[in-house]
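Here is how the chains run, residue by residue.
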Amino acid sequence: MKRDTKLLHVDASDLPFPALTVPVHRGSTIVFDTVNEFLDRHRAFYDGYAYGLYGHPALRALEKAIATLEGAEKALITPSGMAAITLVNLTALQAGDGVLIPTSAYGPARQAADALLAPLGIDVTFYPPDADVSTLISYRTRLVWVEAPGSFGMEMQDVPAIVAAAHARGAEVAADATWASPLGFQALSHGVDYAVQALSKYVSGHSDVLMGSVAVADQSRFRRLKDRMKALGYGVSPDDCYLTLRGLGTLSVRMDRQSATALELARWLDGRDGVTRVLHPALVNDPGHPIWLRDFAGAGSVFSVLLDPRYSNNLAAFLEQLSIFRIGASWGGLHSLVAPADMRAMRSSSNWADTGPLVRISIGLEAAEDLRDDLELGLERYMRQFENAAQ
Ligand SMILES: *Cc1c(COP(=O)(O)O)cnc(C)c1O
């Protein structure tokens, strides 16, 4: 055998490596010993190993773990949270169908509804998160999205009521339940048909992976989604699955600590000078609190504050000079973040009454005292500089 051939015949068969962790097997091609096994390989499409894009050991392990976390029959893993949302849309909807999406939904999901679904002949209707959905469902409506609480605005939705209204008219319900993670909200047990997670947030948990999931309670939905995924060419790398599995192991301790710090800071911010309102459904005075109490087992560590509009010119002085909080999108990682938002532009299809700036705050694993001091100084800058400017 020549060297080039020998180099290509490395024997990788069954090295004993009894580690605690899931192995990362990189591979596109799966090889078969017989002609018949090769010709039959598509039987392994849903659960086994037919081609690297459709399944590898770390992916199968992660699918099982997410299904367990969601109380699901099956879970699919997608290259991002946004990819999971699009997968559900393109599986549940076809030309002529209608979809209802709350105005409080994740911004890129609403943009994709206009940019992708509407040109495909799907009728897109945006609805206020507190609307009576039963009055909005038409004979065309096949899918209703819920997201509780909403992105930036933190509006709660009555998911069981929406599920009942949708199912009564033969429509399915998809929930983007990223905020509380499956530990805080079990979407399927509330009747939702497609439970979507941006695993990029709490589940992977370290701001270094982009991944999503869709969990379902039955095999037939799983197969429809998996078939669509094949058509879309979605795949996820073994390394990313590995990182997400690693994050999963600490999910509950991270969530406990981060959400406790977030609630402590939300309470501390509530009623402070410069702050008009704190939007966090676990606060007793939040309009969404009764629903949160009824349906949720926990809270995320993301909430928003509405700031006094009189000082809005000083938003940059507040946020840019924070020493621990960084300005950035995404959340659910170890580091605390702030993200300002123009809610009037974001909620263009419903009314956003408040005129002050909104800042979304995502709490990480830093000490609560340090985060509070950082916010306290920031709020002083927010108001003090205003007084200087007014002189
Ligand atoms: C971040 C996020 C997404 C999208 O996840 P990506 O992995 O970044 O695509 C979807 N929904 C919500 C609520 C999110 O916060």
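Parameters at a glance
Residues numbered from 1 in each chain as written. Predicted model: local features only at pLDDT ≥ 70, side-chain atom pairs only at ≥ 80, totals over all residues. Heavy atoms only, no water. UniProt positions renumbered as here; feature names shortened; annotations may be inferred. Helix = DSSP H or I, 4+ residues; strand = E, 2+ residues; numbered from the N terminus. Rg over C-alpha atoms; globule rule 2.2 N^0.38 Å. Buried < 20%, exposed > 50% of the residue type's maximum accessible area, 1.4 Å probe, protein only. Contact = heavy atoms within 4.5 Å. Areas by Shrake-Rupley, 256 points an atom, 1.4 Å probe, with all protein chains shown as cover. Lys, Arg positive; Asp, Glu negative; His and termini not counted. Charge placed at Lys NZ, Arg CZ, Asp CG, Glu CD. 1 Å grid on protein atoms, 1.4 Å probe; cavity = no way out; pocket = protein on both sides within 12 Å on 5 of 7 lines; lining within 4 Å. Points joined across faces, edges and corners; volume = space filled by probe spheres on them. Nonpolar A, V, L, I, M, F, W, Y, C, P; charged D, E, K, R; others polar. Polar contact = N/O pair within 3.5 Å; in protein donor to acceptor, adjacent residues only side chain to side chain. Pairing = 2+ DSSP bridges. Near = heavy atom within 4 Å. Sits in = over half its atoms within 2 Å of the grid points. Axes fitted to C-alpha atoms, helices over the stretch in contact; angles between N-to-C directions. Domains from an automatic or database assignment.

- Where an unreviewed UniProt entry is consulted, the chain appears under the name PLP-dependent transferase, with the organism given as Neoaquamicrobium sediminum.
- For the chain, the Sequence similarities (unreviewed entry) comment in UniProt is given as "Belongs to the trans-sulfuration enzymes family."
- As stated in UniProt under Cofactor (unreviewed entry), the record for the chain gives "pyridoxal 5'-phosphate".

**Looking at the overall build of the chain**
Part 1 of the reasoning: On a plain count of helices and strands, the chain comes out with 14 helices and 12 strands.
Part 2 of the reasoning: Its C-alpha atoms give the chain a radius of gyration of 23 Å, near enough to 21 Å, the size a compact globule of 391 residues would have.
Part 3 of the reasoning: With the C-alpha coordinates aligned to their principal axes, the bounding extent of the chain is approximately 85 × 55 × 35 Å.
Part 4 of the reasoning: The buried share of the chain, taken over its 391 residues, is 53%.
Part 5 of the reasoning: Across the chain, the fraction of contacts at a sequence separation of at least 24, relative to all contacts at a separation of at least 6, is 73%.
Part 6 of the reasoning: For the chain, the exposed area adds up to about 18400 Å²; of that, 53% sits on carbon and sulfur atoms.
Part 7 of the reasoning: For the chain, the distance from the average site of its 35 positive side-chain charges to the average site of its 44 negative ones is 6 Å.

**What about empty space enclosed by the protein?**
Part 1 of the reasoning: Counting across every chain of the model gives 3 cavities of 30 Å³ or more.
Part 2 of the reasoning: By volume, the largest cavity amounts to about 80 Å³.
Part 3 of the reasoning: Around the largest cavity, the lining residues are Ile85, Asn89, Ile101, Pro102, Ala105, Ala109, Trp145, Val146, Glu147 and Asp176.
Part 4 of the reasoning: Breaking the lining of the largest cavity down by element, the ones donating at least two residues are helix 4 (81-92), strand 2 (98-102) and strand 4 (141-147).
Part 5 of the reasoning: With 3 residues, the top contributor of residues to the lining of the largest cavity is strand 4.
Part 6 of the reasoning: Its residues assigned to classes, the lining of the largest cavity comprises 7 nonpolar, 1 polar and 2 charged.

**Remarks on the side chain of aspartate 286**
Part 1 of the reasoning: Tracing the chain through its elements places aspartate 286 in the loop between strand 8 (275-279) and helix 11 (289-295).
Part 2 of the reasoning: Of the polar contacts made by the side chain of aspartate 286, one reaches the backbone nitrogen of histidine 280; its length is 3.1 Å.
Part 3 of the reasoning: For aspartate 286, the residues in contact, after removing those within four places along its chain, are Val278, Leu279, His280 and Pro281.

**So, the pairing of strand 4**
Part 1 of the reasoning: The element strand 4 is largely enclosed, with a buried count of 6 among its 7 residues.
Part 2 of the reasoning: As paired elements, strand 2 and strand 4 share 3 bridges and run parallel to each other. Across the sheet, leucine 100 pairs through a bridge with valine 144, a residue of strand 4.
Part 3 of the reasoning: The sheet contact formed by strand 4 and strand 5 (residues 172-176) spans 5 bridges and is parallel. Its bridge partner being in strand 5, glutamate 147 is matched across the sheet by aspartate 176.

**Some remarks on the site of the ligand**
Part 1 of the reasoning: Taken together, 13 residues sit near the ligand, with Gly81, Met82, Asp176, Ser200 and Lys201 positioned nearest.
Part 2 of the reasoning: Contact between the ligand and glycine 81: an oxygen atom at 2.7 Å from a main-chain N or O atom of the residue.
Part 3 of the reasoning: Aspartate 176 has a polar side-chain atom sitting 2.5 Å from a nitrogen atom of the ligand.
Part 4 of the reasoning: Computed on the free molecule, the ligand has an accessible area of 380 Å², of which 90% lies beneath the protein chains in the complex.
Part 5 of the reasoning: Here the ligand is seated within the largest pocket.
Part 6 of the reasoning: Sorting elements by how many residues they give to the shell around the ligand places helix 4 first, with 3 residues.

**Re the sheet that holds strand 6 (residues 194-198)**
Part 1 of the reasoning: Ordered by their spatial adjacency, 7 strands build an open sheet running 1-7-6-5-4-2-3, and the pairing between neighbours is mixed. Of all strands in the sheet, those bounded by a partner on one side alone are strand 1 (74-78) and strand 3 (123-127). The average angle at which neighbouring strand axes cross in this sheet is 20°, direction not considered.
Part 2 of the reasoning: Sheet analysis places strand 6 next to strand 7 (residues 212-216), joined by 4 bridges and oriented antiparallel. When the bridges of strand 7 are listed, alanine 198 appears paired with glycine 212.
Part 3 of the reasoning: Running at roughly 160° to strand 3, helix 5 (residues 107-117) makes contact with strand 2 and strand 3 of the sheet.

**Focus: the layout of surface pockets**
Part 1 of the reasoning: There is about 660 Å³ of room inside the largest pocket.
Part 2 of the reasoning: Top element by residues in the lining of the largest pocket is helix 5. It accounts for 5 residues.
Part 3 of the reasoning: Across the lining of the largest pocket, the residue classes tally to 18 nonpolar, 12 polar and 6 charged.
Part 4 of the reasoning: There are two domains that each give the lining of the largest pocket at least three residues, and those are domain 1 (3-248) and domain 2 (251-390).

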